[in-house]
Amino acid sequence: MSLNPSLRTSSKITTPESHYSHSRGGRFSVSPSQDSHLSREERKCLEIQGLQVQSLVALGGFSRVYRGISSTSLARRESVAIKVTEITERSRFLRREMNIIRTIQHPYIIPLHSIFVNEGKCYIVTKLAEQGDLLDYLMQHGVTQEETARTWFRQLAEAVLYLHSQDIVHRDVKCENILLNEKFEVQLADFGFARIVDGSRINPYLSETYCGSLSYVAPEILKWKPYHPKPADMWSLGVVLFAIFNARLPFFATTNWDMRRSQMRKTYKFRTRVKKNLSKSAINLVSYLLEPAIEKRLTIEHVIRSKWLKYT
Ligand SMILES: Nc1ncnc2c1ncn2[C@@H]1O[C@H](COP(=O)(O)OP(=O)(O)OP(=O)(O)O)[C@@H](O)[C@H]1O
Ligand SMILES: [Mg+2]
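Residues numbered from 1 in each chain as written. Chains lettered and ligands numbered in written order. Predicted model: local features only at pLDDT ≥ 70, side-chain atom pairs only at ≥ 80, totals over all residues.

**Student:** Looking at this structure, I do not really get the overall build of the protein chain. What am I missing?
**Tutor:** A count of helices and strands for the protein chain gives 10 helices and nine strands. A total of 312 residues make up the protein chain; the buried ones form 42% of that total. Contacts spanning at least 24 positions in sequence make up 64% of the contacts within the protein chain whose residues lie at least 6 apart. (Helix = DSSP H or I, 4+ residues; strand = E, 2+ residues; numbered from the N terminus. Buried ≥ 20, exposed ≤ 12 C-beta atoms within 10 Å, placed from the backbone. Contact = placed C-beta atoms within 7 Å.)

**Student:** Can you help me understand the confidence of the model for the protein chain in this one?
**Tutor:** Note that predicted coordinates carrying low pLDDT should not be read in detail. When the pLDDT values of the protein chain are averaged, the result is 87; 82% of them are 70 or greater. Low pLDDT, under 50, characterises residues 1–5; the stretch is placed with seven contacts to residues that sit more than four places away or in other chains. This model gives residues 14–35 a pLDDT under 50, and the stretch forms 40 contacts once residues within four places in sequence are excluded. (pLDDT = per-residue confidence, 0-100.)

**Student:** Where do I start with the packing of helix H4 (residues 146–165) against helix H5 (residues 229–246) in this structure?
**Tutor:** A pair of packed helices is characterised by two quantities: the angle between their axes and the separation of those axes. Two elements in contact, H4 and H5, have axes separated by 11 Å at closest approach and are oriented at 170°. Taken together, the axis directions place H4 and H5 in an arrangement best described as roughly antiparallel. When you trace H4 past H5, the crossing you get is right-handed. Contacts between H4 and H5 pair Ala149, Trp152, Phe153, Leu156, Val160 and His164 from the former with Lys230, Asp233, Leu237, Val240, Leu241, Ile244 and Phe245 from the latter. (Axes fitted to C-alpha atoms, helices over the stretch in contact; angles between N-to-C directions. Parallel < 35°, antiparallel > 145°, perpendicular 65-115°, else oblique. Left-handed = near helix turned anticlockwise from the far one by under 90°.)

**Student:** Can you walk me through the sheet that holds strand S3 (residues 78–86) in this structure?
**Tutor:** Either a parallel or an antiparallel arrangement is found when strands of a sheet pair, and the pairing is made through backbone hydrogen bonds. If you walk across this open sheet you meet the five strands as S1-S2-S3-S5-S4, and the pairing is antiparallel. Lying at the two open borders of the sheet, with one neighbouring strand each, are strand S1 (51–59) and strand S4 (112–118). With strand direction ignored, the average angle separating the axes of adjacent strands in the sheet is 25°. In this sheet, strand S2 (residues 63–70) lies alongside S1 in antiparallel orientation, the contact comprising seven bridges. The partner of leucine 59 across the bridge, within S2, is arginine 64. (Pairing = 2+ DSSP bridges.)

**Student:** Can you walk me through the pairing of strand S5 (residues 121–127) in this structure?
**Tutor:** Regular strands have side chains that alternate between both faces of the sheet. Of all seven residues in S5, five are buried; the element is thus mostly enclosed. Here S3 runs beside S5; their pairing, made up of seven bridges, is antiparallel. By the bridge assignment, glutamate 86 is partnered in S5 with lysine 121. Pairing of S4 with S5 involves six bridges; the strand directions are antiparallel. Of the residues in S5, the one forming a bridge with valine 117 is cysteine 122. In this antiparallel pair of consecutive strands, S4 and S5, the connection spans two residues, and glutamate 119 shows a positive phi of 50°.

**Student:** What exactly am I supposed to notice about helix H3 (residues 134–141) here?
**Tutor:** One turn of the α-helix equals 3.6 residues, which is why residues spaced by three or four share an orientation. Taken together, the buried positions of H3 are Leu134, Leu135, Tyr137, Leu138 and Met139. Of the surrounding secondary structure, the elements contacted by the buried residues of H3 are strand S7 (178–180) and H5.

**Student:** Please explain the pairing of S2 as it appears in this structure.
**Tutor:** The buried fraction of S2 amounts to seven of the eight residues, a majority that puts the element mostly inside the structure. Bridge count for S2 against S3 is eight bridges, and the pairing is antiparallel. Note that in S3 the partner of arginine 67 across the bridge is alanine 81.

**Student:** Which parts of the structure should I look at to understand helix H2 (residues 91–103)?
**Tutor:** The terminal C-alpha atoms of H2, which comprises 13 residues, lie 18 Å apart, in line with the 18 Å expected from a rise of 1.5 Å per residue. Every buried residue belonging to H2 is among Phe93, Glu97 and Ile101, and all of these are buried. Angular distribution of buried residues about the axis of H2 spans 55°; they occupy a single face of the element. Exposed side chains of H2 directed beyond 90 degrees from the buried face belong to Arg92, Arg95, Arg102 and Thr103. If you follow the buried residues of H2, they end up packed against S4 and S5. (Expected span 1.5 Å × (residues − 1). Arc of directions from axis to C-beta.)

**Student:** Before we go on, may I ask you to explain the packing of H5 against helix H8 (residues 280–289) in this structure?
**Tutor:** Closest axis-to-axis distance for the H5/H8 pair is 8 Å, and the angle between their directions is 145°. For the element pair H5 and H8, the recorded crossing hand is left-handed. Packed against H5, whose contacting residues are Met234, Trp235, Leu237, Gly238, Leu241 and Phe242, the element H8 presents Leu285, Val286 and Leu289 at the interface. In terms of residue class, the contact of H5 with H8 is made up of eight nonpolar, one polar and no charged. (Nonpolar A, V, L, I, M, F, W, Y, C, P; charged D, E, K, R; others polar.)

Encoded structure:
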């Protein structure tokens, strides 16, 4: 199937202060000549850590990601991804990302190799997900068979269950942040907006950082009032599941207002041929996740126990 531009996410959401708004960075196929953004100091710093950069993989919103080889292990050379982020006004998020990624470990979360800070830059080194990210996969392969979708979504749900059960919210679940390893297993990545929900506050589970990408963000976030971050992650999971089935996103809008209106009206439509071949329980699961009322939206525990995921 040809490229489907409608899968590309729109910009990060625009807050009233426009603080987090930016358009998505470019993507690069792996090629040895495309590492020109790496300065000599950065390269030297990486070499000291036993890391050799091969090429640029992606320009993220706030960072550059390179493919490289780690030769620190005597046993074997390991392929890694090196995310270089400038420590600027986003350091609050970066600190959280570093703290969270250091403490988590799960088969469906990208494994950490190392983290270090040098000359105002933070380097987060993770194991390379050989098959790239889910967005690129869907753009190349188009709609996904129900069995593959079930396998991926179960793995993603297990990763989110692991996080939510430790009161960690991801807050940027989207196809670009879901990677695939050499066995085509899900590896949830990019904890740049993740945080631990603070149980000691009067309103323990309310979040006031209006972050995420417009196409994946829950309608309650677009109201600019403190919101519950776990249900917001569940909405994003619904968007991902819809995208896996249809190789396109459920809602299209360029402004926050239009997006919220589409979400509240549930305007999404499955491709005709997809809907014809998909089980009723799969279609229902999307509908219970893309549910504007948070009290009716499924939790991650519900998803894990859902009829569709239990089916083998
Ligand atoms: N371990 C990895 N293996 C393979 N590719 C990776 C890896 N880590 C990141 N990438 C690629 O780099 C992209 C950007 O990485 P990441 O999402 O961590 O950065 P970001 O700056 O937070 O991006 P954005 O703000 O656009 O979400 C990912 O979408 C993915 O394509
Ligand atoms: Mg990302």
